[in-house]
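# Tertiary structure, described
As a plain string of letters, each chain reads:
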Amino acid sequence: MRNLLIVDDEVYALQAMVEGVDWSLAGIDQVFSAGDAEEARMLMKAHPIDIMICDIEMPGETGLDLQSWVLKHDPGMLTIFLTGHALFDYAQTAIKLNSFDYVLKPAPADQLLKVVSQAMDKIKDDEQRSRTNEVYETVYKRWQTHKPLLTERFWKDAISQRVTLTQQKLQELAEVYGAEIDLQVRVLPIVISVEEWVRDFDLRDEEVLEYALRNAAKEMLLGDKPGEVFQDHSGLNIVLAYEQDGIIPTASEMAQGCQSYIQECGTYFYCRLSCYVGVPVAVTDLQGMLNELMDMERRNINELEGVFIYDEVGRDTEDRFLPIPWFSELSILFETGKFDDLRERVDEIFELLASQERLSPEILRLYYHAMLHVIYPLLHQKNVSVRSLYPGEREPEENVVTRSLPQLKQWTSDLISRAIPVLYPDDHSPMTIVDQLCIYIENHIGEELMREELASFAGFNPAYLSRLFRKEKGMSLSEFILQRRVAKAKTLLSQSTVKVTDIAGKVGYYNYSHFTKMFKKCTGITPQEFRKQSRTVQI
């Protein structure tokens, strides 16, 4: 049941909106009407209201006054304001009061119907999100409360043992956990490697999604076949398919299921992953087979989202190191501003890397660090922080960037694109680290600002940062912080009625006497005296 409330002191306008619009077309089941704010409140107390259309200009209490009451008592209700004046201050106040929309009178029936339909769509979307969040929280709590099965804990410890596993040692470990494992059967292992999350997730979300990946692997790869899916101590997801009645799935059979699994996980769990399929081995040989699969995963830097089957004959563990003498050339191209040549040379480098049959992971890491050594000196020459390349973002991590050749190439292209406008802007100088630091201080003025913390933000030695700051700003770092804190305090003292003791905390002083002393040092008067003298203070 969806209810609409229309509030307007003009009787004929109110009647026209109630009777002249077919509200059922917007999904409204019942329409209530009120001539003033008091009557509207009585109706809202008696009936659940989803949407309110309210005139702003009413005698006595205005529509804005009524909306203030609504935000306290029924914040989930959506409000659409009506007014006969296109005044910006009305619109601004309506926005601050979280109204859904703002319509000028006289509003045609089709316009009212349209905006109410949009409000209904938002209500439905919010309800769907709420249901989704409830399901998510339920799944997460269930995941938190369920303890790992004894067999899962047995396998995690078994494959992490540093010593060679024997039947006797495995039996002893099974007895410790009380795990019912037939140590005579063969096992076919699969290593699932998450190569990339295609959306940004925090740690908790990634853990929940990893849990979902394992559940999907149990359903799609094992089905009704006996086996186990778990995460080892290093974070890799492992599938073990057991032999049953002398029958065990073949590597090619499991590989077919892995193809579908990769596609489904990409669609529903926002990740790219690969599967490394082993061959059936005795439980005592499982450690060795898993080590081989993990080595395959580490060395695979060219192909992503694939299924790779262990081939003992084709295994070649020899690393090939390819010399990369190109970085002095890249540095010259960067410094001379020949960016088209720079990008063309980078493309040639990656074509060369991609043509290598046995390219080692070490080469990718070497390239990564060499590329940083091209960029970093240029940044420091202009007193530009590395952080300026990623404002409001986390810098890409080395293990993610060097996971594969395509990811390394994407990172290189992105790094160059970010560095060029910072180092060589068309019409202004790049923001120096001191400018960035001043912005950081403004945004954290209420916190305890230590020199070491600020130096860590800038990426410089604390003593060097102090000298650089004084050189650019003509004052010490501590003097600048004091000035900004006093300026913030003066604004709060003159434009608000916040207690002076509370203002002290808001500008980073938790000792009131010290705040008063520092304020008087800068202004010559106490905070209380400043407030009295201020003409804008509201009493």
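Heads up: the structure comes first, above all this text.
Described in the following lines is the structure provided in the data block. Note that this is a predicted model, so its numbers are computed, not measured.

Next up on the list: the packing of helix α16 (residues 433-443) against helix α18 (residues 462-473). As a packed pair, α16 and α18 sit with axes 10 Å apart at the nearest point and diverge in direction by 95 degrees. When the interaxial angle is binned, α16 and α18 end up roughly perpendicular. Taken together, the residues of α18 that come into contact with α16 (itself represented by Ile433, Val434, Asp435, Leu437 and Cys438) are Leu465, Leu468, Phe469, Glu472 and Lys473. Across the contact of α16 with α18, the residue classes break down as seven nonpolar, no polar and three charged.

Within the largest apolar cluster, 35 residues are counted, with the highest numbers of intra-cluster contacts made by Phe334, Tyr367, Leu389, Leu408 and Trp411. Elements represented by at least two residues in this core include exactly α11 (327-335), α12 (339-354), α13 (361-381) and α15 (405-423). With 10 residues, α13 is the largest single contributor of residues to this core. One finds Leu183, Ile238, Tyr242 and Leu286 within the second-largest nonpolar core, a separate group that totals 29 residues.

Three or more residues of helix α17 (residues 451-458) are buried, namely Leu454, Ala455, Phe457 and Ala458. Taken end-on, α17 shows its buried residues confined to a sector of 155 degrees, consistent with a single buried face. Against the buried residues of α17 lie α16, α18 and α19 (477-495).

This part covers the pairing of strand β2 (residues 30-34). Looking at chain direction, strand β1 (residues 3-7) and β2 are connected through five bridges and run parallel. Looking at β2, one finds that Asn3 is bridged to Gln30. Handedness of the crossover is the feature at issue here: the chain leaves β1, passes through helix α1 (residues 11-19), returns alongside β2, and the resulting connection is right-handed.

About the criteria used
Residues numbered from 1 in each chain as written. Predicted model: local features only at pLDDT ≥ 70, side-chain atom pairs only at ≥ 80, totals over all residues. Heavy atoms only, no water. Axes fitted to C-alpha atoms, helices over the stretch in contact; angles between N-to-C directions. Helix = DSSP H or I, 4+ residues; strand = E, 2+ residues; numbered from the N terminus. Parallel < 35°, antiparallel > 145°, perpendicular 65-115°, else oblique. Contact = heavy atoms within 4.5 Å. Nonpolar A, V, L, I, M, F, W, Y, C, P; charged D, E, K, R; others polar. Core = buried A, V, L, I, M, F, W, Y, C linked by side-chain atoms within 4.5 Å. Buried < 20%, exposed > 50% of the residue type's maximum accessible area, 1.4 Å probe, protein only. Arc of directions from axis to C-beta. Pairing = 2+ DSSP bridges. Right-handed = clockwise from strand over helix to strand, strands pointing away.

Keep in mind these numbers describe shape, not what the thing actually does.
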